[in-house]
Each structure stands twice: as C-alpha cells, then as structure tokens.
Amino acid sequence: MKADIFADLSWRGLIHQTTADEFLPNWLNSGSRTVYIGFDPTADSLHVGSMLQLLVLRRFQKAGHRPVALAGGATGMIGDPSGKSEERNLLGVDDLRKNIVGIEKQLKQFLDFDCGENSAVLVNNFDWMRKFSYLDFLRDVGKNFPVNVMLAKDSVKSRLGRDDTGISYTEFSYMLLQAYDFVHLNRQYQCELQVGGSDQWGNITAGIDLARRMHSVQLYGLTCPLLLTSDGKKMGKTESGTVWLSPERTSPYAFFQYWRNIADADVGNCLRFLTELSHDEILALDESRAAAPHECQSQIRLAEYLTQLVHGDSGLATARRATDIFFGAVIENLSDRELGEIFADVPGKELPRESLRGEGLSIVDALAESGLAKSKGDGRRTVQQGGAYVNNRRVENIETQLTEKDLASEAVMVLRAGKKRYALLRFRDE
RNA sequence: GGGGGGUUUCCCGAGUGGUCAAAGGGGACGGACUGUAAAUCCGUUGGCAACGCCUUCGCAGGUUCAAAUCCUGCACCCCCCA
C-alpha cells in the first residue's frame, strides 16, 4: 500500500472511534479495501461539514483503497434522526431529485472515477431500496433488529422521554435503511468499512450487526470528529448562512474569506482535517502561527488550498483578485463581466446612463440610490466622515458629481461605504 | 368592582408648558488603531430643495401665542385592594 492511512488519519485527529482499533491499521495496510460514506441530499450542494467526510474518502482512495460515495436518495426521503432534536420535515421528491444531481456532481469532483482498480464508485441507495416491498423488508431486514437495541441508540434515546417532541415511526426506522445499505454494498462491492461523522456511530454499528446476522460477515466502522469551532459551534455557519461548496450558493471569494478568517484556535484543526498538506508543513505552520500570528500564514494557506481544491485555479484567481479589491485596491480597467464575478455577492442597482451626462450624478444621490445610505442625510454624513469611495478612491468633496469617466468598466461603478460595504451601480442605455 | 402607575426617537430610559429633533446608555454606522481578530479611542445616529423648513414622544380630539409636557375620550400594559 502507498501510505499508512490509519496512522495519517490518527495523526490528523480524524479518528473519533472505530469498531476495531487493533485490527484496522494492519488490515488497511495489507490490501486494497472498499470503503463507503453516505451523504444526505438535504440540499443541492454539500457544505463545509460534509466536506470533511468527503475528503476522508478521498484520503482512502489516495492510499489505494476503493471509495464508494453513496447519495442517500432513499434515506433522504426518511430523514436521519441522528443529531436532530426534532422531527424533520420531509423533502419533496422533486427537491430530492434535484439535490441528488447537485451532490453527485460534487462527489465526482473530489474522487477519481478513472484510475483502474480503485476507481471510485457512486451509488444511490434509492436504486436498491425502491425494489423492496414493505413486507419483504420487514421479513428480511426488520426481523434482525431487536427493538430494545434500537431503543438504546443515542439517536433514538435522545428523542424519547421528552414532552415537547417525540420521534415518528418513520425516523425510528431510519437506521434499518442505513444498516441495509452497508449490507448491500458489502454484497455488491465487497465493501467492508463504513466511515461517517461521530453522530453516525449508531447507524454504522447497526449495519455491522445486520451483516453478521444476515450473512455472518464481519464489517467495520470508523467515525470522524465533527468539525466544530473551539467554542463548540458547528463550522461552516456564518451570520449570513451556511458556507456551501457550490459557487452558485457561496462565491469563491466568500468561501476564501471564510477560511481566511478562521480563528487561530481553529485553524490548526482545519489544516489537519481538510487539507492534504504534509505533516511537516502543518507543523511548520503551527510554529509560524505561534511566532507571528499577525501574518496569518496558516489561514492564508488554508484558504488558498481549499479554494483551489473546491473552485479550481480560476476560482482561486477570482477570489484573490476580489480580495485585493475588497481590501482597497483601486478599481480600474476591468470589464463588466470581471466586476460581476468579483462582486457576485454585492447588491446592485440599475440606473439610466442618462443620469451620468451633463451635471452628472451627485455622490450623495449615488449613495442613497445604491442603498449604502439610508437617506441623503446619511449619505452626506458618510462622505463628510471620510467613508465614501468610488471605485475604491475616497471621495473627499461633498459636491462631487459622478460622470461617465468615473465608470470602472463599460457600465458599472463600484461604490463603497466604510471599509467593507459595497454596492454596484449599473448604468444601462435607454 | 375600586385605587394607583405606565405607553418617548432602532432598543432601554430621562424629560413634566417655550431654551426639545428631545439627556444618558445600548445597538448600529463612519474614522483612527490593528492581524481582514478582539479591545480601545474619536465622531455620527428622523427627513429635506439644510445657518432654514417639515415630520416625530400609544391613538383621537381640545386648551394655549406656544404641548412629549395641561385637559377629555379611547386602546393596550403593570401593580395594589375586593
């Protein structure tokens, strides 16, 4: 085998729990194994939390194992109660289908599907679950689940004995589906190891038990820690929402900035969990962070690495250029298209081009129109306090009139109030 | 059923006839500092055709040259006694 995957995962802190601590290291190093992780289609894109799982799968592949990525078309219809304090709303079938398509696209991006022996496999559990009749499922699968064992699982226990919320039969049955997936993948692909977040332990062990009961085979499980910040919150959530992998939902710039702003206390874990940087480089970054925290070398390396990985070279380039501009570089000689990319997250307003002719448009009116100022008085104040910028040049004079020569590109002008609040004005011809 | 207190600008909260666009604090915003952090400091914080004008102090009327402030009615909230 190419590398000692278990030792690497362990060094990175990616192993939370396994079903066979003694056995797994040698087993993984002595042959190519098939490993599976499931992904929930709760949205049409994966987010930062599931990225950790996906990257673990990728690590397995790079170490010579065969990864199976499962999109939960069937399980998504039911809803995993693990880690949820309340009953879920079921997703509509159409949404689900759309989500599966989006997620499969992302899974393909991280795994190699064309590398011979250990090419990745993409499956959707709807494909085999749909064929099951309810009666068959109860006889073949349900019979193997003692309810008293199911009741003891954390995911179920945490929902029982509460007055405000319970658990439906549907969600209660969820673990049977996931357990059966493991058995099915074992039969069809000789999959023997299931990996998941630490909240998946109950579902994974359920699958291992089921395989033993149905086919007398021994399977294995490994869980990873959840990606949490040092104050115990889920990573990848900001005030403005979740950080997604798809550029439609989270622009490369916003993605880059998320990592660029990770707290010192968290960035070490992120480097270990989410990058494939060498141990030496990570240790060197740890040292540089202790010695010169203000240089943010760890954050920058992390942001560049992940943006490149998720959005590619061009995404990274856009993010970099946007970063320069968002932090004050004067904006000139750009095209409408480039500005559109860079300011993808920025609100805009259309105005007739006519307003730039003659006298021009006063800076105060422009701020008010763009929404950066609540009123003209507010805009006036912003200028007087030195907080108004056009194309990142500070506007000193309250009397300033904007004309066509203030355009940053063919038809767009970039307004800014304060350090970070931007807005675009687009001037269209009549 | 009786008695008392309250309702103020984004929030809390002062103001009890003119000097009130309304103290103070919080929040927010701008500036400085800084590591794109935190803290700190300074400034701003109803609108506008702006040394002036208009709108705002629960709602609707009234007294007055002048009302957030006084009177009447209404709505809602709180407390005490039955």
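What counts, and at which threshold
- Residues numbered from 1 in each chain as written.
- Chains lettered and ligands numbered in written order.
- Predicted model: local features only at pLDDT ≥ 70, side-chain atom pairs only at ≥ 80, totals over all residues.
- Heavy atoms only, no water.
- Helix = DSSP H or I, 4+ residues; strand = E, 2+ residues; numbered from the N terminus.
- Buried < 20%, exposed > 50% of the residue type's maximum accessible area, 1.4 Å probe, protein only.
- Contact = heavy atoms within 4.5 Å.
- Areas by Shrake-Rupley, 256 points an atom, 1.4 Å probe, with all protein chains shown as cover.
- Lys, Arg positive; Asp, Glu negative; His and termini not counted.
- Charge placed at Lys NZ, Arg CZ, Asp CG, Glu CD.
- Phe/Tyr/Trp six-rings, centres within 6.5 Å; stacked < 30°, edge-to-face > 60°.
- pLDDT = per-residue confidence, 0-100.
- Near = heavy atom within 4 Å.
- Polar contact = N/O pair within 3.5 Å; in protein donor to acceptor, adjacent residues only side chain to side chain.
- Nonpolar A, V, L, I, M, F, W, Y, C, P; charged D, E, K, R; others polar.
- Arc of directions from axis to C-beta.
- Salt bridge = Lys/Arg side-chain N within 4 Å of Asp/Glu carboxyl O.
- Pairing = 2+ DSSP bridges.
- Core = buried A, V, L, I, M, F, W, Y, C linked by side-chain atoms within 4.5 Å.
- Axes fitted to C-alpha atoms, helices over the stretch in contact; angles between N-to-C directions.
- Parallel < 35°, antiparallel > 145°, perpendicular 65-115°, else oblique.
- Left-handed = near helix turned anticlockwise from the far one by under 90°.

The next point concerns the overall build of chain A. When its secondary structure is counted, chain A shows 19 helices and 15 strands. C-alpha extents for chain A along the principal axes are approximately 85 × 50 × 45 Å. Taken across its 430 residues, chain A has 52% of its residues classed as buried. Within chain A, residue pairs in contact and separated by at least 24 positions form 73% of the contacts whose partners lie at least 6 positions apart. A total of about 20400 Å² of accessible surface is found on chain A, and carbon and sulfur atoms cover 48% of it. In chain A, which carries 51 positive and 58 negative side-chain charges, the distance between the mean positions of the two groups comes to 2 Å.

This next bit is on the packing of aromatic side chains. Evaluated as defined, the whole model comprises 13 aromatic pairs. Centroid distance Y258 to W259: 5.0 Å. Interplanar angle 80 degrees. Geometry classified as edge-to-face. Here the two residues Y258 and W259 agree in accessibility, since each one is buried. By the ring-pair criterion, three or more aromatic residues cluster together here, those being Y253, F326, F343 and Y422.

What follows deals with the confidence of the model for chain A. Within chain A, residue pLDDT values average 92, and 99% of them lie at 70 or more. Predicted complex metrics record ipTM = 0.84 and pTM = 0.88.

Before going further, it helps to examine the protein's contact with RNA strand B. Of all residues adjacent to RNA strand B, which total 25 residues, the nearest are Q257, F327, S375, G377 and R381. Atoms of RNA strand B within 4 Å of the protein: sugar and phosphate make up 66%, bases the balance. At 3.0 Å from a sugar or linking oxygen of RNA strand B is found a side-chain nitrogen or oxygen belonging to Q385. A distance of 3.2 Å separates a sugar or linking oxygen of RNA strand B from a polar side-chain atom of R421. For the surface near RNA strand B, the secondary-structure elements that each account for two or more residues are helix 13 (252-260), helix 16 (297-326) and helix 19 (376-384). Counting residues per element, the surface near RNA strand B draws most heavily on helix 19, which supplies four residues. Within the surface near RNA strand B, the residues separate by chemical class into five nonpolar, 11 polar and nine charged.

With that out of the way, let us pick up helix 18 (residues 363-370). Of all the positions in helix 18, only I363, V364, A366, L367 and S370 are classed as buried. The arc that holds the buried residues of helix 18, viewed along the axis, is 165 degrees, so those residues lie on one side. On the buried face of helix 18, the contacting elements are strand 10 (361-362), helix 19, strand 11 (388-390), strand 13 (401-402), strand 14 (412-417) and strand 15 (421-428). Just past helix 18, the residue G371 takes up positive phi, approximately 90 degrees.

Tallying each qualifying case throughout the model produces 22 salt bridges. Note that R12 is salt-bridged to D8, the shortest N-O span being 3.0 Å. A residue pair is termed a helical-turn pair when its members lie 3 or 4 positions apart in one helix, as R12 and D8 do in helix 1 (residues 5-12) at four residues. Between R301 and E281 there is a salt bridge; the shortest N-O distance is 2.6 Å. One end of the pair, R301, is in helix 16; the other, E281, is in helix 15 (residues 279-291), and 20 residues separate them in sequence. Classification of E281 as partly exposed rests on a relative accessible area of 27%. Several salt bridges converge on common partners, so that one network encompasses R353, E354, R357, E404 and D429.

A sheet is described by the order of its strands in space; here five strands give the open sequence 9-15-14-11-12, paired in mixed fashion. Two strands bound the open sheet, and with one partner strand each, they are strand 9 (348-352) and strand 12 (393-394). The pairing of strand 14 with strand 15 spans six bridges and is classified as antiparallel. When the bridges of strand 15 are listed, L415 appears paired with A423.

Counting residues in each nonpolar core, the largest one holds 57 residues, and the members touching the most others are M51, F60, L193, V195, W259, L274 and L306. In this structure, Y180, A206, I208 and L219 belong to the second largest nonpolar core, which totals 30 residues.

Between helix 18 and helix 19, the least distance of the axes is 8 Å, while the angle of their chain directions is 120 degrees. As summarised for this structure, helix 18 and helix 19 are arranged oblique, according to the angle between their axes. Between helix 18 and helix 19 lies a crossing of right-handed hand. Only K376, G379, R380, T382 and V383 of helix 19 make contact with helix 18, whose side of the interface consists of I363, V364, D365, L367 and A368. Its residues placed into classes, the contact of helix 18 with helix 19 shows five nonpolar, two polar and three charged.

In this section: the environment of V395. Within the secondary structure, V395 sits in the loop between strand 12 and strand 13. Distance in space between the C-alpha atoms of V395 and Q384 is 9.0 Å, their sequence separation being 11 residues. Ignoring any residue separated from it by four or fewer positions in sequence, one finds V395 in contact with I363, V383, A388, Y389, V390 and T400.

Now for helix 13. With seven of its nine residues buried, helix 13 lies for the most part within the structure. Considered for burial, the residues of helix 13 that qualify are P252, Y253, F255, F256, Q257, Y258 and W259. Contacts made by the buried residues of helix 13 are with helix 3 (48-62), strand 7 (237-238), helix 14 (264-274) and helix 16.

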